[in-house]
Amino acid sequence: MKKALNLKACVEIIKGQLGWLLLCGGLLVQATAVAAPFKTDVPLLQPQQLNPQFWQQQLSQGDNVLLSQAQIAERNQQTFAQQTEMQQLNRLPASYAAAALKQIVQQVSQIPTAKRFYTDGTALTAPQWQAYQAMLAMDTIKADNPLQFGLVVKRTALRAFPTLDRVVNEQGNADLDRFAETALFVAEPVAVLHRSRDNNWLLVQSFNYTGWVQAADVAIGSRQQVLSYTEQAPFVVITAAKAHTAFTPEQPALSELQLDMGVRLPLLSAADTGFNVHGQNPAASYIVQLPFRQADGSLQLMPALLPLSTDVSQGYLPFTEHNLLRQAFKFLGERYGWGHDYNGRDCTGFISEIFRSFGLLMPRNSGQQGQGSYGHNQRFNAQSSQQQKLEAVRQAKVGDLLYFPGHVSMFIGMVQQQPFMIHSVNTLIYPTDNGVYQGRLNGVVVTPLMPLQANTEQSYLDALYAIKSMR
(Lines give C-alpha, C1' and ligand atoms only; values in the text may rest on other atoms or scores of the structure.)
Protein backbone atom coordinates (compact mmCIF):
# COMPACT_ATOMS: atom_id res chain seq x y z
CA MET A 1 0.00 0.00 0.00
CA LYS A 2 1.45 3.36 -1.01
CA LYS A 3 1.71 6.11 1.56
CA ALA A 4 2.44 9.07 -0.69
CA LEU A 5 -1.02 10.62 -0.41
CA ASN A 6 -1.48 13.01 2.48
CA LEU A 7 -4.71 13.90 4.27
CA LYS A 8 -5.34 16.96 2.07
CA ALA A 9 -5.03 14.85 -1.07
CA CYS A 10 -7.44 12.29 0.35
CA VAL A 11 -10.06 14.94 1.03
CA GLU A 12 -9.73 16.25 -2.52
CA ILE A 13 -10.29 12.76 -3.91
CA ILE A 14 -13.51 12.24 -1.98
CA LYS A 15 -14.73 15.83 -2.18
CA GLY A 16 -18.47 15.96 -2.85
CA GLN A 17 -19.01 12.26 -2.10
CA LEU A 18 -20.68 12.03 1.29
CA GLY A 19 -20.00 9.03 3.45
CA TRP A 20 -17.12 7.52 1.47
CA LEU A 21 -14.11 6.27 3.40
CA LEU A 22 -10.59 6.05 2.11
CA LEU A 23 -7.68 4.22 3.67
CA CYS A 24 -5.02 6.84 3.17
CA GLY A 25 -1.56 6.61 4.68
CA GLY A 26 -2.95 4.27 7.33
CA LEU A 27 -5.73 6.72 8.28
CA LEU A 28 -9.43 6.17 7.59
CA VAL A 29 -11.19 9.42 6.66
CA GLN A 30 -14.86 10.27 6.15
CA ALA A 31 -15.96 13.23 4.06
CA THR A 32 -19.26 14.65 5.26
CA ALA A 33 -20.77 18.07 5.53
CA VAL A 34 -23.09 17.25 8.41
CA ALA A 35 -21.58 14.56 10.63
CA ALA A 36 -18.57 14.36 12.89
CA PRO A 37 -15.59 12.56 11.36
CA PHE A 38 -15.98 8.80 11.36
CA LYS A 39 -12.81 7.06 12.45
CA THR A 40 -12.34 3.34 12.78
CA ASP A 41 -9.55 0.81 12.58
CA VAL A 42 -11.82 -1.57 10.64
CA PRO A 43 -10.68 -1.47 7.00
CA LEU A 44 -13.24 -0.49 4.35
CA LEU A 45 -16.00 0.13 6.90
CA GLN A 46 -18.28 3.06 6.10
CA PRO A 47 -20.78 4.50 8.58
CA GLN A 48 -23.81 3.87 6.37
CA GLN A 49 -22.94 0.16 6.40
CA LEU A 50 -23.88 0.11 10.09
CA ASN A 51 -27.53 0.66 9.14
CA PRO A 52 -29.56 -2.37 8.04
CA GLN A 53 -31.36 -0.24 5.45
CA PHE A 54 -28.09 0.15 3.54
CA TRP A 55 -28.13 -3.61 2.92
CA GLN A 56 -31.89 -3.99 2.60
CA GLN A 57 -32.08 -1.50 -0.26
CA GLN A 58 -29.84 -3.79 -2.30
CA LEU A 59 -32.47 -6.53 -2.22
CA SER A 60 -35.13 -6.75 -4.90
CA GLN A 61 -37.15 -9.49 -3.18
CA GLY A 62 -36.28 -8.98 0.46
CA ASP A 63 -39.81 -9.62 1.72
CA ASN A 64 -40.21 -12.98 -0.03
CA VAL A 65 -40.75 -15.78 2.48
CA LEU A 66 -37.80 -18.19 2.24
CA LEU A 67 -39.40 -21.00 4.26
CA SER A 68 -42.96 -21.32 5.54
CA GLN A 69 -43.62 -22.29 9.15
CA ALA A 70 -44.48 -25.80 7.99
CA GLN A 71 -41.17 -26.00 6.14
CA ILE A 72 -39.31 -24.68 9.18
CA ALA A 73 -40.92 -27.34 11.36
CA GLU A 74 -39.85 -29.98 8.83
CA ARG A 75 -36.32 -28.53 8.74
CA ASN A 76 -36.12 -28.71 12.54
CA GLN A 77 -37.13 -32.36 12.49
CA GLN A 78 -34.39 -33.04 9.95
CA THR A 79 -31.84 -31.18 12.08
CA PHE A 80 -32.70 -33.20 15.18
CA ALA A 81 -32.44 -36.40 13.15
CA GLN A 82 -29.07 -35.46 11.65
CA GLN A 83 -27.34 -33.83 14.63
CA THR A 84 -26.62 -36.22 17.49
CA GLU A 85 -25.75 -33.35 19.84
CA MET A 86 -29.36 -32.13 19.63
CA GLN A 87 -32.09 -33.85 21.62
CA GLN A 88 -35.87 -33.53 21.64
CA LEU A 89 -36.65 -33.57 25.34
CA ASN A 90 -39.94 -35.42 24.86
CA ARG A 91 -37.94 -38.40 23.57
CA LEU A 92 -35.65 -38.70 26.57
CA PRO A 93 -36.01 -41.84 28.69
CA ALA A 94 -37.74 -41.78 32.07
CA SER A 95 -34.42 -42.51 33.79
CA TYR A 96 -30.72 -43.17 33.21
CA ALA A 97 -28.80 -46.16 34.47
CA ALA A 98 -25.72 -45.40 36.56
CA ALA A 99 -23.19 -46.08 33.79
CA ALA A 100 -25.01 -43.88 31.27
CA LEU A 101 -25.37 -40.95 33.68
CA LYS A 102 -21.73 -41.16 34.82
CA GLN A 103 -20.64 -41.03 31.20
CA ILE A 104 -22.69 -37.86 30.66
CA VAL A 105 -21.21 -36.19 33.75
CA GLN A 106 -17.68 -37.11 32.70
CA GLN A 107 -18.23 -35.75 29.18
CA VAL A 108 -19.57 -32.44 30.49
CA SER A 109 -16.95 -31.95 33.21
CA GLN A 110 -13.72 -33.22 31.72
CA ILE A 111 -10.46 -31.91 33.11
CA PRO A 112 -8.71 -30.32 30.13
CA THR A 113 -5.29 -31.53 29.07
CA ALA A 114 -4.07 -27.93 28.70
CA LYS A 115 -3.27 -25.86 31.76
CA ARG A 116 -5.91 -23.56 33.19
CA PHE A 117 -5.41 -20.41 35.24
CA TYR A 118 -7.51 -18.20 37.45
CA THR A 119 -7.88 -14.64 36.22
CA ASP A 120 -5.13 -13.49 38.60
CA GLY A 121 -2.69 -15.72 36.69
CA THR A 122 -2.51 -18.50 39.32
CA ALA A 123 -2.44 -21.97 37.76
CA LEU A 124 -5.03 -24.48 38.94
CA THR A 125 -3.49 -27.19 41.09
CA ALA A 126 -4.33 -30.88 41.35
CA PRO A 127 -6.13 -30.40 44.71
CA GLN A 128 -8.27 -27.65 43.18
CA TRP A 129 -9.26 -29.92 40.30
CA GLN A 130 -10.07 -32.62 42.85
CA ALA A 131 -12.35 -30.18 44.68
CA TYR A 132 -14.24 -29.42 41.46
CA GLN A 133 -14.55 -33.14 40.77
CA ALA A 134 -15.85 -33.79 44.26
CA MET A 135 -18.67 -31.32 43.58
CA LEU A 136 -19.83 -33.57 40.74
CA ALA A 137 -21.13 -36.01 43.37
CA MET A 138 -20.48 -39.06 41.23
CA ASP A 139 -20.76 -41.28 44.31
CA THR A 140 -24.41 -40.27 44.79
CA ILE A 141 -25.44 -41.66 41.39
CA LYS A 142 -27.76 -44.62 41.92
CA ALA A 143 -28.41 -47.73 39.88
CA ASP A 144 -31.46 -46.00 38.38
CA ASN A 145 -31.76 -42.19 38.14
CA PRO A 146 -35.18 -40.77 37.19
CA LEU A 147 -35.17 -37.56 35.16
CA GLN A 148 -36.90 -34.43 36.33
CA PHE A 149 -38.05 -31.55 34.15
CA GLY A 150 -38.00 -27.83 34.68
CA LEU A 151 -38.37 -24.39 33.14
CA VAL A 152 -35.72 -21.69 33.39
CA VAL A 153 -37.03 -18.67 35.34
CA LYS A 154 -34.25 -16.17 34.53
CA ARG A 155 -31.38 -15.97 32.07
CA THR A 156 -28.66 -18.15 33.52
CA ALA A 157 -25.21 -19.50 32.70
CA LEU A 158 -24.66 -23.11 31.67
CA ARG A 159 -21.19 -24.18 32.82
CA ALA A 160 -18.72 -27.04 32.53
CA PHE A 161 -18.39 -27.41 36.31
CA PRO A 162 -20.80 -26.52 39.13
CA THR A 163 -18.99 -23.29 40.06
CA LEU A 164 -18.91 -19.61 39.16
CA ASP A 165 -15.10 -19.58 39.30
CA ARG A 166 -13.59 -18.08 36.14
CA VAL A 167 -10.63 -19.82 34.54
CA VAL A 168 -8.67 -18.95 31.40
CA ASN A 169 -6.14 -20.68 29.16
CA GLU A 170 -2.45 -19.97 28.87
CA GLN A 171 -3.04 -16.79 26.86
CA GLY A 172 -4.80 -15.36 29.89
CA ASN A 173 -7.60 -13.56 28.03
CA ALA A 174 -9.98 -12.76 30.89
CA ASP A 175 -12.86 -12.34 28.41
CA LEU A 176 -12.73 -16.06 27.59
CA ASP A 177 -13.89 -17.99 30.67
CA ARG A 178 -13.16 -21.63 29.84
CA PHE A 179 -15.79 -22.88 32.29
CA ALA A 180 -18.49 -20.92 30.40
CA GLU A 181 -20.46 -23.00 27.90
CA THR A 182 -23.62 -21.10 26.98
CA ALA A 183 -26.72 -19.51 28.50
CA LEU A 184 -30.26 -20.67 29.04
CA PHE A 185 -33.11 -18.21 28.63
CA VAL A 186 -36.42 -17.65 30.41
CA ALA A 187 -39.06 -20.29 29.68
CA GLU A 188 -36.53 -22.72 28.22
CA PRO A 189 -37.35 -26.34 29.10
CA VAL A 190 -34.65 -28.61 30.49
CA ALA A 191 -34.31 -32.18 31.68
CA VAL A 192 -32.64 -32.38 35.11
CA LEU A 193 -30.21 -35.29 35.18
CA HIS A 194 -28.20 -34.86 38.39
CA ARG A 195 -27.38 -32.52 41.29
CA SER A 196 -24.11 -31.20 42.67
CA ARG A 197 -22.91 -32.29 46.10
CA ASP A 198 -24.17 -29.07 47.72
CA ASN A 199 -27.49 -29.22 45.77
CA ASN A 200 -26.90 -25.68 44.51
CA TRP A 201 -26.32 -26.79 40.92
CA LEU A 202 -28.28 -28.95 38.49
CA LEU A 203 -26.87 -30.91 35.58
CA VAL A 204 -29.42 -30.17 32.87
CA GLN A 205 -29.95 -31.01 29.23
CA SER A 206 -31.52 -28.45 26.90
CA PHE A 207 -32.42 -29.14 23.29
CA ASN A 208 -28.81 -28.54 22.18
CA TYR A 209 -26.48 -28.59 25.19
CA THR A 210 -25.76 -30.22 28.54
CA GLY A 211 -24.12 -28.51 31.50
CA TRP A 212 -24.39 -27.20 35.05
CA VAL A 213 -26.85 -24.43 35.97
CA GLN A 214 -27.65 -22.84 39.32
CA ALA A 215 -30.64 -24.60 40.89
CA ALA A 216 -32.18 -21.28 41.95
CA ASP A 217 -32.73 -20.44 38.27
CA VAL A 218 -34.86 -23.49 37.41
CA ALA A 219 -38.38 -24.37 38.56
CA ILE A 220 -39.12 -28.10 38.69
CA GLY A 221 -42.45 -29.39 37.37
CA SER A 222 -43.85 -32.59 36.00
CA ARG A 223 -42.69 -33.81 32.62
CA GLN A 224 -46.13 -33.15 31.12
CA GLN A 225 -46.44 -29.67 32.68
CA VAL A 226 -43.06 -28.56 31.36
CA LEU A 227 -43.29 -29.99 27.86
CA SER A 228 -46.90 -28.92 27.26
CA TYR A 229 -45.98 -25.36 28.26
CA THR A 230 -43.56 -25.16 25.32
CA GLU A 231 -46.31 -26.11 22.86
CA GLN A 232 -48.98 -23.69 24.04
CA ALA A 233 -50.66 -21.40 21.51
CA PRO A 234 -51.20 -18.60 20.84
CA PHE A 235 -47.73 -17.32 21.67
CA VAL A 236 -45.42 -14.36 21.22
CA VAL A 237 -41.73 -14.45 20.33
CA ILE A 238 -39.26 -11.87 21.62
CA THR A 239 -37.79 -10.16 18.56
CA ALA A 240 -35.77 -7.49 20.40
CA ALA A 241 -32.17 -8.25 21.33
CA LYS A 242 -33.41 -7.95 24.90
CA ALA A 243 -36.85 -7.06 26.24
CA HIS A 244 -38.20 -6.71 29.79
CA THR A 245 -41.46 -7.37 31.51
CA ALA A 246 -43.28 -4.46 33.13
CA PHE A 247 -42.20 -3.41 36.61
CA THR A 248 -44.33 -4.77 39.41
CA PRO A 249 -43.69 -4.49 43.15
CA GLU A 250 -46.20 -7.29 43.74
CA GLN A 251 -44.09 -10.01 42.09
CA PRO A 252 -40.41 -9.01 42.17
CA ALA A 253 -39.32 -12.23 40.42
CA LEU A 254 -41.43 -11.27 37.39
CA SER A 255 -40.60 -7.56 37.49
CA GLU A 256 -38.42 -6.13 34.68
CA LEU A 257 -37.37 -9.68 33.85
CA GLN A 258 -34.96 -9.86 30.90
CA LEU A 259 -36.20 -11.82 27.90
CA ASP A 260 -33.76 -12.52 25.06
CA MET A 261 -34.35 -12.77 21.33
CA GLY A 262 -36.10 -15.99 20.34
CA VAL A 263 -37.82 -16.61 23.69
CA ARG A 264 -41.30 -18.01 23.08
CA LEU A 265 -44.04 -17.26 25.64
CA PRO A 266 -47.68 -18.39 25.79
CA LEU A 267 -50.07 -15.49 25.21
CA LEU A 268 -53.01 -15.06 27.59
CA SER A 269 -55.95 -12.65 27.55
CA ALA A 270 -57.93 -10.70 30.12
CA ALA A 271 -60.50 -13.49 29.91
CA ASP A 272 -57.84 -15.70 31.54
CA THR A 273 -56.51 -13.21 34.09
CA GLY A 274 -59.09 -10.50 34.68
CA PHE A 275 -58.35 -6.79 34.47
CA ASN A 276 -55.75 -6.62 37.23
CA VAL A 277 -52.40 -8.32 36.61
CA HIS A 278 -50.07 -7.68 39.56
CA GLY A 279 -51.59 -4.28 40.15
CA GLN A 280 -51.75 -3.11 36.53
CA ASN A 281 -54.53 -3.06 33.97
CA PRO A 282 -53.44 -5.17 30.97
CA ALA A 283 -55.26 -3.10 28.31
CA ALA A 284 -51.98 -1.71 26.91
CA SER A 285 -49.93 -4.87 27.37
CA TYR A 286 -49.41 -8.38 26.15
CA ILE A 287 -50.31 -10.82 28.90
CA VAL A 288 -47.78 -13.65 28.81
CA GLN A 289 -47.40 -16.74 30.94
CA LEU A 290 -44.06 -17.10 32.72
CA PRO A 291 -42.53 -19.84 34.87
CA PHE A 292 -42.18 -18.92 38.54
CA ARG A 293 -40.02 -20.78 41.07
CA GLN A 294 -41.75 -21.29 44.40
CA ALA A 295 -39.88 -21.43 47.70
CA ASP A 296 -39.60 -25.22 47.51
CA GLY A 297 -38.21 -25.05 43.95
CA SER A 298 -41.40 -26.21 42.28
CA LEU A 299 -42.90 -24.71 39.16
CA GLN A 300 -45.87 -22.37 39.08
CA LEU A 301 -47.07 -20.69 35.89
CA MET A 302 -48.01 -17.05 36.37
CA PRO A 303 -49.16 -14.14 34.18
CA ALA A 304 -46.90 -11.15 33.52
CA LEU A 305 -47.15 -8.04 31.38
CA LEU A 306 -45.14 -6.96 28.36
CA PRO A 307 -45.90 -3.40 27.20
CA LEU A 308 -47.44 -3.29 23.71
CA SER A 309 -44.43 -1.17 22.71
CA THR A 310 -42.18 -4.21 23.23
CA ASP A 311 -40.48 -5.60 20.13
CA VAL A 312 -42.27 -8.96 19.80
CA SER A 313 -43.97 -11.01 17.12
CA GLN A 314 -47.26 -12.85 17.56
CA GLY A 315 -46.08 -16.18 16.27
CA TYR A 316 -42.66 -16.53 14.68
CA LEU A 317 -41.34 -13.84 12.36
CA PRO A 318 -41.66 -14.53 8.62
CA PHE A 319 -38.33 -15.91 7.41
CA THR A 320 -37.26 -13.25 4.90
CA GLU A 321 -34.01 -11.54 3.92
CA HIS A 322 -35.26 -8.21 5.25
CA ASN A 323 -36.08 -9.78 8.61
CA LEU A 324 -32.71 -11.56 8.74
CA LEU A 325 -30.98 -8.20 8.42
CA ARG A 326 -33.32 -6.49 10.90
CA GLN A 327 -32.76 -9.17 13.52
CA ALA A 328 -28.99 -9.28 13.08
CA PHE A 329 -28.58 -5.50 13.33
CA LYS A 330 -30.57 -5.37 16.58
CA PHE A 331 -27.45 -6.81 18.24
CA LEU A 332 -25.10 -4.26 16.66
CA GLY A 333 -22.63 -2.98 19.25
CA GLU A 334 -23.51 -5.57 21.89
CA ARG A 335 -20.46 -6.67 23.88
CA TYR A 336 -19.01 -10.02 22.81
CA GLY A 337 -19.60 -12.71 25.42
CA TRP A 338 -17.77 -16.02 25.15
CA GLY A 339 -20.28 -18.72 26.05
CA HIS A 340 -22.95 -15.98 26.41
CA ASP A 341 -20.87 -14.33 29.12
CA TYR A 342 -21.27 -10.63 30.04
CA ASN A 343 -25.03 -10.84 29.41
CA GLY A 344 -24.16 -10.96 25.71
CA ARG A 345 -23.44 -13.76 23.29
CA ASP A 346 -20.63 -15.22 21.23
CA CYS A 347 -20.55 -15.86 17.48
CA THR A 348 -22.76 -18.95 17.48
CA GLY A 349 -25.15 -17.54 20.06
CA PHE A 350 -25.56 -14.44 17.90
CA ILE A 351 -26.46 -16.63 14.91
CA SER A 352 -28.69 -19.00 16.89
CA GLU A 353 -30.80 -16.26 18.47
CA ILE A 354 -31.40 -14.58 15.10
CA PHE A 355 -32.72 -17.81 13.62
CA ARG A 356 -34.74 -18.72 16.72
CA SER A 357 -36.92 -15.66 16.08
CA PHE A 358 -38.07 -17.50 12.91
CA GLY A 359 -38.46 -20.81 14.77
CA LEU A 360 -35.30 -22.40 13.31
CA LEU A 361 -33.20 -24.41 15.77
CA MET A 362 -29.47 -25.14 15.52
CA PRO A 363 -26.65 -26.89 17.38
CA ARG A 364 -24.83 -24.76 19.94
CA ASN A 365 -21.17 -24.75 18.88
CA SER A 366 -19.70 -23.39 15.64
CA GLY A 367 -18.07 -26.69 14.73
CA GLN A 368 -21.35 -28.54 15.23
CA GLN A 369 -23.11 -25.97 13.08
CA GLY A 370 -20.49 -25.68 10.34
CA GLN A 371 -19.77 -29.39 10.05
CA GLY A 372 -23.41 -30.35 10.52
CA SER A 373 -25.26 -31.72 7.52
CA TYR A 374 -28.51 -29.80 8.11
CA GLY A 375 -29.34 -26.96 5.71
CA HIS A 376 -27.64 -26.60 2.33
CA ASN A 377 -23.85 -26.75 2.53
CA GLN A 378 -20.97 -25.81 0.29
CA ARG A 379 -17.71 -27.15 1.69
CA PHE A 380 -14.06 -26.40 1.04
CA ASN A 381 -10.87 -28.33 1.70
CA ALA A 382 -7.12 -27.86 1.46
CA GLN A 383 -7.32 -28.12 -2.32
CA SER A 384 -9.89 -25.31 -2.64
CA SER A 385 -8.30 -22.17 -4.04
CA GLN A 386 -8.82 -18.66 -2.76
CA GLN A 387 -10.53 -17.79 -6.03
CA GLN A 388 -12.97 -20.69 -5.68
CA LYS A 389 -13.85 -19.59 -2.17
CA LEU A 390 -14.18 -15.95 -3.12
CA GLU A 391 -16.48 -16.76 -6.04
CA ALA A 392 -18.62 -18.91 -3.73
CA VAL A 393 -18.89 -16.10 -1.19
CA ARG A 394 -19.83 -13.62 -3.92
CA GLN A 395 -22.64 -15.97 -4.95
CA ALA A 396 -23.91 -16.25 -1.36
CA LYS A 397 -27.34 -14.94 -0.36
CA VAL A 398 -28.13 -12.59 2.51
CA GLY A 399 -28.34 -14.62 5.69
CA ASP A 400 -26.02 -17.39 4.52
CA LEU A 401 -23.52 -18.44 7.17
CA LEU A 402 -19.74 -18.42 6.74
CA TYR A 403 -17.86 -20.95 8.88
CA PHE A 404 -14.24 -20.76 9.98
CA PRO A 405 -12.50 -22.88 12.65
CA GLY A 406 -14.07 -21.72 15.92
CA HIS A 407 -16.09 -18.91 14.34
CA VAL A 408 -19.17 -18.12 12.27
CA SER A 409 -20.47 -14.95 10.61
CA MET A 410 -23.50 -13.96 8.53
CA PHE A 411 -23.09 -12.76 4.96
CA ILE A 412 -24.98 -9.48 4.42
CA GLY A 413 -23.99 -8.34 0.93
CA MET A 414 -21.37 -6.91 -1.40
CA VAL A 415 -19.85 -3.45 -1.76
CA GLN A 416 -17.72 -2.92 -4.87
CA GLN A 417 -17.04 -6.67 -5.15
CA GLN A 418 -16.05 -6.84 -1.48
CA PRO A 419 -18.05 -9.35 0.66
CA PHE A 420 -19.27 -8.01 4.02
CA MET A 421 -20.43 -9.89 7.08
CA ILE A 422 -21.92 -9.20 10.50
CA HIS A 423 -20.69 -11.21 13.47
CA SER A 424 -20.00 -11.23 17.19
CA VAL A 425 -16.22 -11.35 17.32
CA ASN A 426 -13.39 -10.90 19.78
CA THR A 427 -10.34 -10.04 17.67
CA LEU A 428 -9.41 -7.68 14.84
CA ILE A 429 -6.39 -8.77 12.80
CA TYR A 430 -5.18 -7.67 9.37
CA PRO A 431 -1.93 -7.05 7.52
CA THR A 432 -0.45 -3.55 7.20
CA ASP A 433 2.73 -2.13 5.68
CA ASN A 434 4.33 -2.42 9.10
CA GLY A 435 3.33 -6.02 9.82
CA VAL A 436 0.15 -7.44 11.28
CA TYR A 437 -2.30 -5.13 13.06
CA GLN A 438 -3.84 -6.74 16.15
CA GLY A 439 -6.76 -4.94 17.74
CA ARG A 440 -9.94 -5.90 19.49
CA LEU A 441 -13.55 -5.77 18.34
CA ASN A 442 -15.20 -7.59 21.27
CA GLY A 443 -18.71 -7.05 20.00
CA VAL A 444 -21.24 -7.41 17.23
CA VAL A 445 -19.93 -5.47 14.25
CA VAL A 446 -20.00 -5.25 10.45
CA THR A 447 -16.69 -6.01 8.75
CA PRO A 448 -15.43 -6.93 5.30
CA LEU A 449 -14.36 -10.51 4.77
CA MET A 450 -11.10 -9.24 3.31
CA PRO A 451 -8.47 -8.23 4.26
CA LEU A 452 -9.26 -9.43 7.79
CA GLN A 453 -7.59 -12.49 9.27
CA ALA A 454 -9.04 -15.26 11.39
CA ASN A 455 -5.74 -15.40 13.29
CA THR A 456 -2.19 -14.08 12.91
CA GLU A 457 -1.33 -16.81 10.39
CA GLN A 458 -4.45 -17.19 8.27
CA SER A 459 -6.91 -14.91 6.48
CA TYR A 460 -10.64 -15.40 6.90
CA LEU A 461 -10.81 -16.43 3.25
CA ASP A 462 -8.11 -19.07 3.74
CA ALA A 463 -9.81 -20.31 6.92
CA LEU A 464 -13.30 -20.52 5.36
CA TYR A 465 -14.39 -24.18 5.30
CA ALA A 466 -18.15 -24.02 4.73
CA ILE A 467 -21.02 -21.83 3.58
CA LYS A 468 -24.38 -22.89 4.98
CA SER A 469 -27.76 -21.72 3.75
CA MET A 470 -30.87 -22.25 5.86
CA ARG A 471 -33.22 -21.52 2.93
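Predicted model, so just to flag it, every value in this text is computed and none were measured.

**Student:** What should I look at first to understand the nonpolar core in this one?
**Tutor:** The nonpolar side chains of a soluble globular protein tend to be buried with one another. Counting 61 residues, the largest nonpolar core has Trp-55, Phe-319, Ile-354, Phe-355, Met-410 and Ile-422 as the members making the most contacts within it. It is strand 24 (residues 418-432) that provides the largest number of residues to this core, a total of six residues. Once residues lying within four places of it in the same chain are set aside, the contact partners of Met-410 are Leu-324, Ala-328, Ile-351, Ile-354, Phe-355, Gly-399, Asp-400, Leu-401, Phe-420, Met-421 and Ile-422.

**Student:** Is there a simple way to think about empty space enclosed by the protein in this case?
**Tutor:** Gaps left between atoms are located by rolling a probe of water-molecule size over the structure's atoms. Tallied over the entire structure, the rule returns two cavities of 30 Å³ or more. Within this model, the largest cavity holds a volume of roughly 140 Å³. In terms of lining residues, the largest cavity is bounded by 16 residues, among which Thr-182, Asn-208, Glu-353, Arg-356 and Arg-364 are the most central. At the level of secondary structure, the elements contributing two or more residues to the lining of the largest cavity comprise strand 9 (180-184) and helix 9 (347-356). Here the element with the most residues in the lining of the largest cavity is helix 9; it accounts for five residues. Put simply, the second largest cavity is a space of about 60 Å³. Surrounding the second largest cavity, Ala-246, Phe-247, Thr-248, Leu-254, Val-277, His-278, Gln-280, Ala-304 and Leu-305 form its lining. Taken together, the residues of the lining of the second largest cavity break down into six nonpolar, three polar and no charged.

**Student:** When you look at the environment of Phe-247 in this model, what are you seeing that I'm missing?
**Tutor:** Mapping Phe-247 onto the fold places it in the loop between strand 15 (242-244) and strand 16 (258-260). For Phe-247, a relative accessible area of 54% gives the class exposed. For Phe-247, the residues in contact, after removing those within four places along its chain, are Ser-255, Glu-256 and Gln-280.

**Student:** Just checking my understanding: could you explain the pattern of salt bridges for this structure?
**Tutor:** A side chain with one charge can pair with a side chain of the opposite charge if their charged atoms come near. The tally for this structure, following the rule as stated, stands at 16 salt bridges. Residue Arg-335 pairs with Asp-175 through a salt bridge whose shortest N-O separation is 3.0 Å. Highlighted residues: Arg-335 in the loop between helix 8 (321-329) and helix 9 and Asp-175 in the loop between strand 8 (167-168) and strand 9, separated in sequence by 160 residues. A residue is classified by how much of its surface remains accessible, and Arg-335, at 38% relative accessible area, is partly exposed. Asp-175 gets classed as buried once you look at its relative accessible area, which sits at 8%.

Reading the values: the criteria
In this numbering scheme, every chain counts its residues from 1 along its sequence in written order. Where local features are concerned, this predicted model is filtered to residues with pLDDT of at least 70; where side-chain atom pairs are given and counted, the filter is 80 or more; whole-chain, interface and lining totals use all residues. Hydrogens and water molecules were not included; the side-chain quantities draw on all heavy atoms of the structure. Buried residues of nine kinds, namely Ala, Val, Leu, Ile, Met, Phe, Trp, Tyr and Cys, make up a nonpolar core once their side-chain atoms join them within 4.5 Å. Exposed residues in this analysis have more than 50% of their type's maximum accessible area, buried residues have under 20%, and partly exposed residues fall in between, with area computed by a 1.4 Å probe over protein chains only. Going along the chain from the N terminus, every DSSP run of H or I of four or more residues is numbered as a helix, and every run of E of two or more is numbered as a strand. Two residues qualify as a contact provided that any one of their heavy atoms is within 4.5 Å of a heavy atom in the partner residue. Think of a 1 Å grid over just the protein atoms. A cavity is a set of points where a 1.4 Å probe fits yet cannot get out, a pocket is an open set with protein on both sides within 12 Å along at least five of seven lines, and lining residues have an atom within 4 Å of a point. Grid points are joined across faces, edges and corners, and a volume is the space filled by probe spheres set on the points. Following the grouping adopted for this structure description, the nonpolar residues are Ala, Val, Leu, Ile, Met, Phe, Trp, Tyr, Cys and Pro, the charged ones are Asp, Glu, Lys and Arg, and the polar ones are all others, Gly among them. We count a salt bridge whenever a side-chain nitrogen from Lys or Arg sits within 4 Å of a carboxyl oxygen from Asp or Glu.

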